[in-house]
Amino acid sequence: MAPPLIRPGLLPEHREAAIALYWTAFGPKLGRLLGPAARARAYLDRVLAPEQLISALSPEGHLLGIAGFRLATGAFALGRPADTVAVYGRLGALWRIAAFHLLPQEVDPLGFRIDGIAVVEATRCQGIGAALIGALCDEARSRGFPEIRLDVADANPRARALYERQGFVACGRDRMGVLAPLFGFVGSTRMVRPLA
C-alpha cells in the first residue's frame, strides 16, 4: 500500500465517513453516553470541528483515518450544552452533561492533547496510525507546544502499544469509579511525549 496522504482538516465530502469512522472506533466506549447510534451520529455531525482534525487519505482520495486534537479553545468532537440539548432533549442532555463533567480531567489548560485516533479497519497495521501521530506531533510543535499528551483506556492495550512505539510514556492513571459501567472500562493511563 502506498503511504497515506496526511492533510490538516477534513474535506467536506469526507464528513459523513469521518463521523462513521469515529463512531465505529469509539462507539463501544461512548455508546451508553452518546447512543443510540442515530443520535450519536447526529450529535457528532453537529459538533465535529474539522479545524481540529488531521486526515489520512489514500492516493485515490478515500478517507483512511482521522486524528483529533484538543486545545484550550476546543476539541474536534466536543459540543456545548446547547448542542447536547438540541440532539437529546433537556432530560437526555442533563445526565449526559453531568456524566461528562464527572470524568477525570487533568488540569492542563494550555496543553495539546490527542483527542482520538481512528483508522479504517481494513487498513490497520499499515502505518496510518503512526503517520497520524507524527502529524499531530508536527501540529503541536508548529503551535509551540513542548509536549503532546493523551489518555488511553486500559481496555485498549493495542492503542497503548502503538503510543509506546511512537515515544509516549506513562505519566499517571485515572480511575473511572462509578462511571466505569457507563463507559465500559475501569481506568485509563495518561501518556506524554516530549517534542524537543
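This text follows the structure it describes.
For clarity, every value in this text was computed on a predicted model and none was experimentally measured.

Draft legend 1. Layout of the overall build of the protein. Of the regular secondary structure elements, the protein holds six helices and seven strands. Put simply, the protein runs from its N terminus to its C terminus through helices and strands in the order β-α-α-β-β-α-β-α-β-α-β-α-β. Taking 196 residues into account, the globule formula puts the C-alpha radius of gyration at 16 Å, and the protein, at 16 Å, falls close to it. Expressed along its principal axes, the backbone C-alpha trace of the protein runs to roughly 45 × 40 × 30 Å. Split into buried and exposed, the 196 residues of the protein put 47% on the buried side. The long-range fraction of contacts in the protein, counting pairs at least 24 apart against all pairs at least 6 apart in sequence, stands at 70%. Separation between the mean location of the 23 positive side-chain charges and that of the 17 negative ones in the protein comes to 5 Å.

Draft legend 2. Main features of the side chain of Thr 123. Along the chain, Thr 123 turns up in the loop between strand E4 (113-119) and helix H4 (128-142). In this structure, Thr 123 is in contact with Leu 64 and Ile 128, ignoring residues within four places of it in sequence.

Draft legend 3. Highlighting the pattern of salt bridges. Using the criterion set out here, one finds 11 salt bridges in the structure. The salt bridge involving Asp 45 is made with Arg 15; its shortest N-O contact spans 2.9 Å. Taken together, the residues span a long stretch of sequence, with Asp 45 in helix H2 (residues 37-47) and Arg 15 in helix H1 (residues 15-34) at a distance of 30 residues. Between Arg 80 and Asp 83 there is a salt bridge whose closest N-O contact spans 3.3 Å. Using a relative accessible area of 53% as the deciding quantity, one classes Arg 80 as exposed. Given the relative accessible area of 6%, Asp 83 is considered buried. In this structure, a network of salt bridges that share partners links the residues Arg 46, Arg 80 and Asp 83.

Rules and cut-offs
- Residues numbered from 1 in each chain as written.
- Predicted model: local features only at pLDDT ≥ 70, side-chain atom pairs only at ≥ 80, totals over all residues.
- Heavy atoms only, no water.
- Helix = DSSP H or I, 4+ residues; strand = E, 2+ residues; numbered from the N terminus.
- Rg over C-alpha atoms; globule rule 2.2 N^0.38 Å.
- Buried < 20%, exposed > 50% of the residue type's maximum accessible area, 1.4 Å probe, protein only.
- Contact = heavy atoms within 4.5 Å.
- Lys, Arg positive; Asp, Glu negative; His and termini not counted.
- Charge placed at Lys NZ, Arg CZ, Asp CG, Glu CD.
- Salt bridge = Lys/Arg side-chain N within 4 Å of Asp/Glu carboxyl O.

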